[in-house]
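# Analysis of the macromolecular model
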Amino acid sequence: MTKEELLTLVERICSTKTEEQNIELKAAEVGCPQRLYDTLSSFSNQDMGGTILFGINEDKDFFPCGVYNVQDLQKKVTEQCNQMMPPVRAVFTTANYKGAPICSAEIPGLDLAELPCYYKGAGRLRGSYVRVGDADFLMTDYELYSFEAFRKHAHDDERIIERASMESFNRRALNDYINMQKQNKPSFANLPRNIQEEMLNITRDGKPTLAALLNFCIYPQGYLPQMAITAIRVPGYKIGDVSDEDARFIDNKRIEGTLAEMLDGALSFSMRNMKVATIIDKNTGKRNDKTEYPIQAIREAVLNALIHRDYSHYTEGTPIQMIFYTDRLEIHSPGSLYGRMTIDQLGYSKPDLRNPALALIAESQTEAENRYSGIPTIRRAMKEHGLPEPIFQNRRNEFVVILRNSSSAKSIELESGDMIVSRDGKQNALLEFCRTPRTRQEITAYLGLKTTYHVSKVYIDPLVESNQLCMTIPEHPRSRNQRFYTRR
């Protein structure tokens, strides 16, 4: 960065008084910090990289204390960078801020093929870190495995399920699939049946694969109990809310079977738990029913979860989750985004397939298109339904799709003191107020309301979900140090 950019960054940090996902503060007033390995690793392991800012004392209310010696600091930071694998190449910038020498070290994010970056003294398993909000955490075994699996093109949908037997398969469905593959392929059709099954990823060395099990087994959960969908409807806005009768769930179902059967079960559960509005056409008098969410969007979201979830040993005990809240539907899929795909690229770039064999079989069993049209279809269906844009979240160990209903989008009138102000009007004022990062308590006081819980549910959470408000500590949304600021 340039000297001017560094000064602008320092000014912002001292004003907001908070670290960020890609900003780490170190005082370095009396010497170089002894242990930078955690931050060097975590910044190298995220796409955006990060910046270590030396010369600001977080413990003294973000006072710009300056660094002890700029030249010696850079030398000793470089020495620590060389203890990383692969070595980190920091880019330094220095400036004077209010008479204090400030130094920044920009840490570039590594290419996926080089990850993870770790401290050689601790080794790969104990020296690899990930950035979560403003803190560094050891990578999980699953996160380390994800890098390795992508590099080696390991596909867990093709792994053998040792306990399974071909005798447990629906032979008619399997035969229909193989016969369909034989059509217009005379050379393939003349191969022995066992070779055909190997080539179609149904078996490996005569034993059934996970992809075949989930598409053709009569009861897949007999071998893989948690490869299912748990679906619940919550009487409120978060897990733990209860109804007037103290019921935690209005509906609760475990959905099992093949991929096709689980998809049908998820859609049936959705239809049972969605509100349906009856609309009468003024011109024709014809009655039309409009569901709370477009069923097409739900179908695509569930299909994506079933086909693209992580099927490794690390997530074998984690089912897909469907949760209906008062204002939204959330679908949680085990495993974060695969490979180089990012949230911003969803629906626009063609991703690497995590489960190519399973996806190919599922085309015939579920009528999945497998043409990268799922995300665009969800977006289009929500728009045509008059609902807010879907929200996609890539978390450490899961991918989440959030569909919001009309109650979370429409403008309602709420009483504030002696005035009646529309929620939209208050939201616009709130966005202006949050040009400077604010706490929940500050926002509550600004709106003239009494409870932070009400303000969070009615104002803050919808703006965060629509990406109009950002969190300074996104990985810990309920942190007491959390502040919210308007996206620029």
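Look up: the structure comes first, before these words.
Here we summarise the structure given alongside this text. (Residues numbered from 1 in each chain as written. Predicted model: local features only at pLDDT ≥ 70, side-chain atom pairs only at ≥ 80, totals over all residues. Heavy atoms only, no water.)

### Notes on the overall build of the chain
Counting its secondary structure elements, the chain contains 16 helices and 22 strands. Counting all 488 residues of the chain, 49% fall into the buried class. Expressed as a percentage of contacts within the chain between residues at least 6 apart in sequence, the contacts between residues at least 24 apart total 64%. A total of about 24100 Å² of accessible surface is found on the chain, and carbon and sulfur atoms cover 48% of it. Charge-centre separation for the chain: the mean point of 62 positive side chains lies 1 Å from the mean point of 64 negative side chains. (Helix = DSSP H or I, 4+ residues; strand = E, 2+ residues; numbered from the N terminus. Buried < 20%, exposed > 50% of the residue type's maximum accessible area, 1.4 Å probe, protein only. Contact = heavy atoms within 4.5 Å. Areas by Shrake-Rupley, 256 points an atom, 1.4 Å probe, with all protein chains shown as cover. Lys, Arg positive; Asp, Glu negative; His and termini not counted. Charge placed at Lys NZ, Arg CZ, Asp CG, Glu CD.)

### With respect to empty space enclosed by the protein
As enumerated under the stated definition, the model contains 1 cavity of 30 Å³ or more in all. Surrounding the largest cavity, L214, M227, A228, M262, L306, R309, Y311 and I320 form its lining. Residues belonging to the lining of the largest cavity are distributed by class as follows: 7 nonpolar, no polar and 1 charged. (1 Å grid on protein atoms, 1.4 Å probe; cavity = no way out; pocket = protein on both sides within 12 Å on 5 of 7 lines; lining within 4 Å. Points joined across faces, edges and corners; volume = space filled by probe spheres on them. Nonpolar A, V, L, I, M, F, W, Y, C, P; charged D, E, K, R; others polar.)

### Some details on the sheet that holds strand β16 (residues 328-334)
Strands in a sheet are paired, the pairing made by backbone hydrogen bonds, and the direction either parallel or antiparallel. The 6 strands lie next to each other as β12-β11-β15-β16-β18-β17, forming an open sheet whose pairing is mixed. A single partner strand is all that each edge strand has here, and the edge strands are β12 (251-255) and β17 (391-394). On average, adjacent strands in this sheet sit at an angle of 10° to one another, irrespective of strand direction. (Pairing = 2+ DSSP bridges. Axes fitted to C-alpha atoms, helices over the stretch in contact; angles between N-to-C directions.)

### A word on the side chain of E197
Take E197: it is sitting in helix α8 (residues 193-199). Taking relative accessible area as the criterion, E197 reaches 10% and is therefore assigned buried. Looking at E197, its side chain comes within polar contact range of the side chain of R193, at 2.9 Å. E197 has contacts with M166, L174, I178, I202 and T203, leaving out every residue within four places of it along the chain. (Polar contact = N/O pair within 3.5 Å; in protein donor to acceptor, adjacent residues only side chain to side chain.)

### Details of helix α2 (residues 37-44)
Most of α2 is tucked away, with 8 of its 8 residues classed as buried. Listing the buried residues of α2 in full gives Y37, D38, T39, L40, S41, S42, F43 and S44.

### Notes on unusual backbone geometry
In this model, M85 is joined to P86 through a cis peptide bond whose omega is -5°. Mapped onto the elements of the fold, P86 is located in the loop between β3 (84-85) and β4 (91-97). At the junction of L115 and P116, the peptide bond is cis and its omega measures out at 0° in the coordinates. Checked against the element boundaries, P116 lands in the loop between β5 (100-107) and β6 (118-119). Positive phi is not limited to glycine here, since H153 has a value of about 55°. Note on placement: H153 falls in the loop between α5 (141-151) and α6 (171-182). Its identity is not glycine, yet N201 carries a phi of approximately 60°, on the positive side. Mapped onto the elements of the fold, N201 is located in the loop between α8 and β9 (203-204). Residue classification places N201 among the buried residues on the basis of a relative accessible area of 17%.

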